[in-house]
Every structure is written in structure tokens, then in C-alpha cells.
Amino acid sequence: MAAAGDGPWLDDAAGRLVRPFTVSNGRTEPSVALDLMSQVMATGVTPLGYLGPEYAQALDLCRAPVSVAEVAAHLKLPAVVTKVLLSDLVDCGALTTKPPAFHHTPTDRSLLEAVLDGLRRQL
């Protein structure tokens, strides 16, 4: 029998072989309040025990400050699952977090229009 870390977690034809919420043991509530724009960064502390490949990938992505949304996109996991993983890493001291600093109101019309314009250019 293969160990938990052995074998592919992704298959080119089938996609993800493990359901996203299995990664977080079905948990949907992170222990640390994280916004999609919150910045996370690795501290250099190695978590005790084996946490799983997604945790290792998340730590690798966080060598430099990165947003929660970016980590979720790279891991190809739902944001809520990513928040649970990242909060676990914050709890064990492997990550630090910083809330986003808004220079504008997040619902500022001009900001939302700029985001919409950028999305349209991508499509």
C-alpha cells in the first residue's frame, strides 16, 4: 500500500483525484481571519509532522509575500479550503499574515470599474 504522500494528486485526464474539502478534512472555517487579499509569508519554521502535499505547496508559494487569492489559484483549490490550510500553517508558526491595506474603499466605484476593465481585457 502506498503512503499518503505517494502517487499523483492530479491526473491530466481526470483532474484532481482528491476532493478539495478532503484536503481540509471537511473544515470550512479557518482558525485565523483571512481575507482574499490578506498577505501571507513563510516564517522559516518547519511544521511538525506530515501535513500533506498542499501544505508543502502553499509554504513553497509563500517564500515571498503573496495574497490568499493567489495561493488558492496556484493550488487550484477553493478559497475557503485554501484559507483553512493557510490558517493551519499560521497556527503552527510556519506562516505570518498581514491584513490588506486599503487606500480606497473596497466598494469604491472607480476601483470596481478598473477591475472590470482589466478582466474584460483578459477575455
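Heads up: the structure comes first, above all this text.
A short tour of the structure in this document, coming up. As the structure is a prediction and not an experimental result, all values here were calculated from the model. Just so you know, the residues in each chain are numbered from 1, in the order the chain's sequence is written. Per-residue local features are limited, in this predicted model, to residues with pLDDT of at least 70; the limit for side-chain atom pairs, both in listing and counting, is 80 or more; totals at the level of whole chains, interfaces and linings are taken over all residues. Note: side-chain values were computed over all heavy atoms of the structure, leaving out hydrogens and water.

**Brief notes about the overall build of the chain**
Think of it this way: any DSSP run of H or I at least four residues long counts as a helix, any run of E at least two long counts as a strand, and we number them from the N terminus. Secondary structure assignment for the chain yields 5 helices and 5 strands. Its helices and strands in sequence order give the chain the pattern β-β-α-β-α-β-α-α-β-α, from N to C terminus. Think of it in three bands: residues with accessible area under 20% of the maximum for their type are buried, residues over 50% are exposed, and the middle band is partly exposed, with areas taken using a 1.4 Å probe on protein chains only. Looking at the chain residue by residue over its 123 residues, the buried ones come to 28%. Calculation of accessible area relied on Shrake-Rupley with a 1.4 Å probe; when residues are assessed, cover is drawn exclusively from the protein chains displayed. Accessible area for the chain stands at about 8,300 Å²; split by element, carbon and sulfur atoms hold 58% of it.

**A few points about the nonpolar core**
Val-40, Cys-62, Val-71, Leu-86, Leu-89 and Leu-95 are the most contacted members of the largest nonpolar core, which has 19 residues in total. With 5 residues, the single largest contributor to this core is helix H4 (residues 79-91). The contact rule is simple, with two residues in contact once any of their heavy atoms fall within 4.5 Å. Other than its neighbours up to four places away in sequence, Val-40 contacts Leu-34, Cys-62, Ala-64, Pro-65, Val-66, Val-68, Val-71, Leu-86, Leu-95, Thr-96 and Thr-97. Here, nonpolar core refers to any group of buried Ala, Val, Leu, Ile, Met, Phe, Trp, Tyr and Cys residues whose side-chain atoms link them within 4.5 Å.

**Examining the environment of Gln-57**
Residue placement: Gln-57 occurs in helix H2 (residues 53-61). On the accessibility criterion, Gln-57 (43% relative accessible area) is partly exposed. In the structure, Gln-57 is positioned 17 residues away from His-74 in sequence and 8.9 Å away in space, judged by C-alpha atoms.

**Topic: H4**
Helix span, as expected, comes to 1.5 Å for every residue beyond the first. Between the first and last C-alpha of H4 there are 18 Å, a value that for 13 residues agrees with the 18 Å anticipated at 1.5 Å per step. H4 sits mainly inside the fold: 10 of its 13 residues count as buried. The set of residues buried in H4 consists of Val-81, Thr-82, Lys-83, Val-84, Leu-85, Leu-86, Ser-87, Asp-88, Leu-89 and Val-90. Positive phi appears at Gly-93, one or two residues downstream of H4, with a value of about 85 degrees.

**What to know about the pattern of salt bridges**
Put simply, a salt bridge is a Lys or Arg side-chain nitrogen that is within 4 Å of an Asp or Glu carboxyl oxygen. Applying the stated criterion across every chain yields a total of 3 salt bridges. As a salt-bridge pair, Arg-109 and Glu-113 come within 2.9 Å of each other at their nearest N and O atoms. Taken together, the positions of Arg-109 and Glu-113, both in helix H5 (residues 109-122) and 4 residues apart, correspond to about one turn of that helix. Between Asp-117 and Arg-121 there is a salt bridge, with its nearest N and O atoms 3.3 Å apart. Of the two residues, Asp-117 and Arg-121 are both situated in helix H5; the distance of 4 residues between them amounts to about one turn of the helix. A residue is classified by how much of its surface remains accessible, and Asp-117, at 37% relative accessible area, is partly exposed.

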